[in-house]
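Per-entry structural report
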Amino acid sequence: MSNKDRAHIWERFYGPNMGYIYEEYDKYQEDPESVDDTIRKLFDEMGPPPEMEYGVQTETVTSVKKDAASQAPQSAIKKVIAATKLLRNIRTLGHLAANISPIQFEEKHPAGFLDVETYGLSKEDLLQIPADLVWEDAPDAISNGWEAYEHLKRIYTSTIAYEFGHIHDEEEQNWLNSYIEKSRIHQPMSKEERIELFERLMHVDGFEKFLHKTFVGQKRFSIEGLDMLVPMLDKLVQSGCEEGTKNISIGMAHRGRLNVLAHVLGKPYELIFSEFHHSPNKELVPSEGSRGINFGWSGDVKYHLGADRNIKGDKENVISIHLAHNPSHLEFVDPVVQGSARALQEDRSEKGYPKQDEQSAFSVLIHGDAAFPGEGVVAETLNLMKLRGYATGGAIHIIANNLLGFTTNYQDSRSTKYASDLAKGYEIPVIHVNADDPESCLAVMYFAYQYRKKFNKDIVIDLVGYRRFGHNEMDDPNVTQPYLYEKINNHPTIAEKYAKELVSRGILTDEDTTNKKSEMMKKFQETFDLLKEKENKEEVTKQVPVKIVEHVPEMETAVSVDLLRSINENLAKWPSHFKVYPKLGRILKKRESLLSEEGKVDWSLGETLAFASILADGTPIRLTGQDSERGTFAHRHLVLHDHQTAERYVPLHNIPEAKASFSIYNSPLSETAVLGFDYGYSVQSPESLVIWEAQFGDFVNVAQVIIDQFIAAGRAKWGQKSSLVMLLPHGYEGQGPEHSSGRVERFLNSAAENNWIVANVTSAAQYFHLLRRQALLTKTEDARPLIVMTPKSLLRNSMTVSNSSELSEGSFKLLVEQEGTGQEKTKVTRLVLCTGKVSIDLASKLTELSGEDVENLHIVRVEQLYPFPKKEVEELAAQYPNLKEIVWVQEEPKNMGAWPVVKAPLHEIASSGLAVEYIGRPKRSSPSTGEPHIHKQEQAGIVQAALNVSKGHGGEFI
């Protein structure tokens, strides 16, 4: 800056004001932090005042300083400070005075912070303050404080309101402020674009009105009051097309879904009308009765709520839009969609971690205003935003804010001012926009897209509108909100309002709008009439998903010994500079020698060899869970850490045999969101083996909605395939009720229509073949989830160790017969069936007994609980001519574990007169005791009763 320019700036201060400057500069020289930020910045940029710089007589300066001392409190600098505070408060609090609600049914927040008098200022004061003193980056057209005040007040209190103050990153804050304060948020619109927007709103509104008139009393969860949601999604798709985005994943609730399906996803009106026309559930209650919604929208589970569409952009770029299937647990689709987006972003074709392109795909999550703060899965999903294993480069969240949750006012559904306040804890910018201002809504949508692209973070748009009817069209909202609905009933639709605006601008005439509406409604009626005519001639048939085969197909899962040895040797190598923790290094080297020298494979090595051989087959793997890199029980060690530098090394990324990516991540302390995420990932990436591991099996309780609504029933409801694997550590070792049970009974109770596989295996070889079978199954029509009750103490039990030949030969066995039992078939009178850890307990006890003690029993492990190997058990039982009883032995209480489900097929097998007995703990409300010594007594009693045939023990043991 030239001396002339600097002198020009200093000329703004004179008399006592200049004296005050001298005084403050003295303080600044002693301690810059002792003066106000605004003044310090002035001195930082300008240096000393001119008298000091050019050597004015000391007496003169001193005299001026003394004169300033009494007048300084009234000086212009104080007013500059006050003006700076005024503008800062407009930026941070302006949303409180903004016009963001189309329906003003409450008093506005007091906005005294906007009054200049509050700060001891007047318009004349602000006119005298240069703009650059209070707004460093002010636009050129703004020259003084008053103009800055008017400009910022207009921006921050309009139909768009902003909340950025909770964001700590300075670069991000500056970008956000600059973007909106330079008026870049409002993109210019041509006459043609405005007409196109009106026509879109007209179709959105007309579609709802036609459904309301034609299908009286049927639910549709109309979009009316939030109509702009459709053009906003259009804008987002358009932006993605222009930038070369390949995929957009959308998750949303019921409200507005039909309109989004019709206008964004391109679902034909004829199909939607036909689904309404056949819905028999016109009187269904309660209002959220998903039976009516599902049947009415799809006519069959195959079309259940979701849809896909490809759109070609102006630049020949094709963008795929996917609207996810969604049950009535609405917000639980959020992590599922995020997982789908992550899968779409990743290239898994090479070894190592997948290569992620965050701009190739993104997600849009549309929330309810009551559900966003109310459902915990929202917070869990927001927490995934920046995590290595879950980041998607940011999601665009839209809160479809209709001011109510069913019949509940917001004061009774959240403790925050805004529905969006939850996002602030994650430093996510929040924009509130009035749903009755169409052009602002589009501007906000484009802004959100640009923000995500630049910062790879989530952003929240609070689209504030209203709900024209009740929660559904059968509900009368006047009963609970009469005052609000009096206002809504008298409020014009956005299509009507925007039409008047365009007419007033001379863009359209009243005749234009009338003709366009008439033509539109005529086309709706013609489409419906053709549908009825067509239905009279053609029989309507239902389409159902392809049926999954009952028995899991046989798969070739053996791997040659040579390949296993080669993989094992490479797994034990790491760079020469890499310093593995010495204790761990010895463990890994011992693991290597176990196979190479002894021809044995323990549980952890069997799992690692399974992973490595699956990668060698070209199948990508994703494994996540709490502490899964090391393994909760310190058995896995798939990620090594240099104990001197903390550098990470993943052996499976570096073996030459690998032909696909291997992802492994420690998850946040969450079950619901991370399981939903991996389910979505598995659906979108059917060629991959996707595995989620619980820290303890019991912890899966927290993810029950994901299990019930998606994993268990997704194929039956939507024809949606997933081969997700769930590893649930399970086994009774006296560790208390929260560290014993993976709740296998719940999975078996939901097992039907071959929806998944439930297994509880007892050897390294069985686990090896099970994982490899699942990896091969993913690529077939018979793909389905796999639920595995994995061990804890058995991870290091010598009885789970397998010979290498068991991996290089054979395949997964549904039943495993216990060696040393059932050798003389004519003597066997008791067939003992068991599964999991108790099988090893029985085998361990057998080592203490002689052959004569157990010659009349045969023990068989049921390694796959569902589909239950009924045929195989029946054939096995037939081999023993003197068999008297089939006994099911388990360590879980009688009302838990496998017994409640397996007893039915066992009784069918025993229909010839065989007795079916139960040995295990009695029915209990808690899964297990918390007292270790009591546990040991119970466990010993179960084992003894199972093996003591002569005394005829059977039943419940305490």
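Nothing here was measured: the structure is a model prediction, and the numbers come from that model.

Focus: the overall build of the protein chain
What the protein chain contains, in helices and strands, is 35 helices and 29 strands. Of all 958 residues assigned to the protein chain, the portion counted as buried reaches 58%. For the protein chain, long-range pairs separated by at least 24 residues make up 80% of all intrachain contacts whose partners lie at least 6 apart in sequence. Total accessible area on the protein chain stands at roughly 39300 Å², and carbon and sulfur atoms take up 48% of it.

So, the side chain of Glu885
Within the secondary structure layout, Glu885 lies in strand S27 (residues 885–893). There is a polar contact of 2.6 Å between the side chain of Glu885 and the side chain of Arg830.

Overview of the pattern of salt bridges
When charged atoms on two side chains of opposite charge get close, those side chains can pair. As enumerated under the stated definition, the model contains 39 salt bridges in all. Notably, a salt bridge pairs Arg91 with Glu181, separated by 2.6 Å at the nearest N-O pair. Placement of Arg91 in helix H6 (residues 76–93) and of Glu181 in helix H10 (residues 170–181) is noted, with a sequence separation of 90 residues between them.

Comments concerning the confidence of the model for the protein chain
Of the residues in the protein chain, 90% reach a pLDDT of 70 or more, and the chain-wide mean stands at 88. With pLDDT under 50 throughout, residues 53–61 is counted as low confidence; its partners more than four residues away or in other chains account for 10 contacts.

A closer look at unusual backbone geometry
Following Tyr866, the chain continues to Pro867 via a peptide bond in cis, the omega torsion being -5°. You can see Pro867 is positioned in the loop between strand S26 (864–866) and helix H33 (870–877). Backbone geometry places Phe221, a non-glycine residue, at a positive phi of 50°. Counting through the fold element by element, Phe221 comes out in the loop between helix H11 (191–214) and helix H12 (229–243).

Focus on helix H21 (residues 494–504)
Within the span of H21, buried status applies to Ile494, Ala495, Tyr498, Ala499 and Leu502. Down the axis of H21, the buried set is contained in an arc of 135°. They therefore lie on one face. Of the exposed residues in H21, those oriented more than 90 degrees away from the buried face are Lys500 and Ser504. Positive backbone phi, approximately 80°, marks Gly506, located one or two places after H21.

Quick word on the pairing of strand S1 (residues 160–163)
The alternating pattern of S1 places Ile160 and Tyr162 and Ala161 and Glu163 on opposite faces, both of which are buried. Here 4 bridges tie S1 to strand S11 (residues 430–434), and the two strands are oriented antiparallel to one another. If you follow Ala161 over to S11, its bridge partner there is His432.

Details of the environment of Gln944
Among the secondary structure elements, Gln944 is positioned in helix H35 (residues 932–947). In the structure, Gln944 is positioned 102 residues away from Leu842 in sequence and 8.6 Å away in space, judged by C-alpha atoms.

With respect to the packing of helix H26 (residues 672–684) against helix H27 (residues 704–711)
The angle between the axes and the distance between the axes are what describe a pair of packed helices. The geometry of H26 relative to H27 is characterised by a closest axis approach of 8 Å and an angle of 25° between their N-to-C directions. When the axis of H26 is compared with that of H27, the two are roughly parallel. Judged by residue contacts, Thr672, Leu675, Gly676 and Tyr679 of H26 engage Ile706, Ile707, Phe710 and Ile711 from H27. Residues belonging to the contact of H26 with H27 are distributed by class as follows: 6 nonpolar, 2 polar and no charged.

Some thoughts on the sheet that holds S26
Ordered in space as S17-S14-S18-S19-S21-S20-S26, the 7 strands form an open sheet in which the pairing is mixed. A strand with exactly one partner marks an edge of an open sheet, and here the two such strands are strand S17 (662–666) and S26. If you compare each strand with its neighbour and ignore which way they point, the axes differ by 20° on average. Relative to strand S19 (residues 725–729), strand S18 (residues 689–693) runs parallel, the two sharing 3 bridges. Pairing of Ile691 across the sheet is with Val725, part of S19.

So, the packing of aromatic side chains
Each aromatic ring pair is described using two quantities: the centre-to-centre distance and the angle formed by the ring planes. Counted under the stated rule, the structure contains 36 aromatic pairs. When the centroid spacing of 5.1 Å and the interplanar angle of 40° are considered together, the rings of Phe210 and Phe273 count as tilted. Highlighted residues: Phe210 in helix H11 and Phe273 in helix H14 (residues 269–277), separated in sequence by 63 residues. Residues Phe210 and Phe273 agree in their burial class; the two are buried. With a centroid separation of 5.7 Å and an interplanar angle of 35°, the aromatic rings of Phe210 and Phe524 are classed as tilted. Residue Phe210 is found in helix H11, and its partner Phe524 is found in helix H22 (residues 510–537); the two are separated by 314 residues along the sequence. Note on accessibility: Phe210 and Phe524 belong to one class, buried.

Topic: the sheet that holds strand S12 (residues 459–464)
As summarised here, the arrangement of the 8 strands in space is S1-S11-S12-S8-S7-S2-S4-S3, forming an open sheet in which the pairing is mixed. With partners counted over all chains shown, the strands left at the sheet margins are S1 and strand S3 (307–312), one partner each. Within the sheet, the average angular offset between the axes of one strand and its neighbour, ignoring direction, is 20°. Pairing of strand S2 (residues 247–251) with strand S7 (residues 361–368), which is carried by 5 bridges, proceeds in the parallel orientation.

Here's the deal with the side chain of Ser682
Relative to the helices and strands, Ser682 resides in helix H26. A polar contact is formed between the side chain of Ser682 and the backbone oxygen of Tyr679, at a distance of 2.7 Å. Sequence-distant contacts of Ser682, defined by excluding residues within four places in its chain, comprise Val690, Ser722, Ser723 and Leu724.

What about the pairing of strand S8 (residues 395–401)?
The element S8 is extensively covered by neighbouring structure, given that 7 of its 7 residues are classed as buried. Burial of the side chains of S8 extends over both faces: Ala395, His397, Ile399 and Asn401 are buried on one face and Ile396, Ile398 and Ala400 on the other. Bridge analysis of S7 against S8 gives 6 bridges, and the strand direction is parallel. By the bridge assignment, His367 is partnered in S8 with Ile399. Relative to S12, S8 is paired through 6 bridges, and the arrangement is parallel. Residue pairing in the sheet places Ile396 in a bridge with Ile459 of S12.

Structural notes on the environment of Ile840
Secondary-structure assignment places Ile840 in helix H32 (residues 837–846). Residues Ile840 and Ser763 lie 77 residues apart in sequence; the distance between their C-alpha atoms is 9.6 Å. Other than its neighbours up to four places away in sequence, Ile840 contacts Thr762, Leu794, Asn797, Met799, Thr800 and Arg861.

Examining helix H9 (residues 145–156)
Spanning 12 residues, H9 covers 16 Å between terminal C-alpha atoms, matching the ideal 16 Å at 1.5 Å per step. When we look at burial in H9, the residues that qualify are Gly145, Trp146, Ala148, Tyr149, His151, Leu152, Ile155 and Tyr156. Buried positions along H9 lie against H6, helix H7 (123–128), helix H8 (131–134), S1 and H10.

Focus: the environment of Glu569
Topologically, Glu569 is positioned in helix H23 (residues 561–571). The spatial distance from the C-alpha of Glu569 to the C-alpha of Leu595 is 9.4 Å, given a sequence separation of 26 residues.

Criteria and thresholds
- Residues numbered from 1 in each chain as written.
- Predicted model: local features only at pLDDT ≥ 70, side-chain atom pairs only at ≥ 80, totals over all residues.
- Heavy atoms only, no water.
- Helix = DSSP H or I, 4+ residues; strand = E, 2+ residues; numbered from the N terminus.
- Buried < 20%, exposed > 50% of the residue type's maximum accessible area, 1.4 Å probe, protein only.
- Contact = heavy atoms within 4.5 Å.
- Areas by Shrake-Rupley, 256 points an atom, 1.4 Å probe, with all protein chains shown as cover.
- Polar contact = N/O pair within 3.5 Å; in protein donor to acceptor, adjacent residues only side chain to side chain.
- Salt bridge = Lys/Arg side-chain N within 4 Å of Asp/Glu carboxyl O.
- pLDDT = per-residue confidence, 0-100.
- Arc of directions from axis to C-beta.
- Pairing = 2+ DSSP bridges.
- Axes fitted to C-alpha atoms, helices over the stretch in contact; angles between N-to-C directions.
- Parallel < 35°, antiparallel > 145°, perpendicular 65-115°, else oblique.
- Nonpolar A, V, L, I, M, F, W, Y, C, P; charged D, E, K, R; others polar.
- Phe/Tyr/Trp six-rings, centres within 6.5 Å; stacked < 30°, edge-to-face > 60°.
- Expected span 1.5 Å × (residues − 1).

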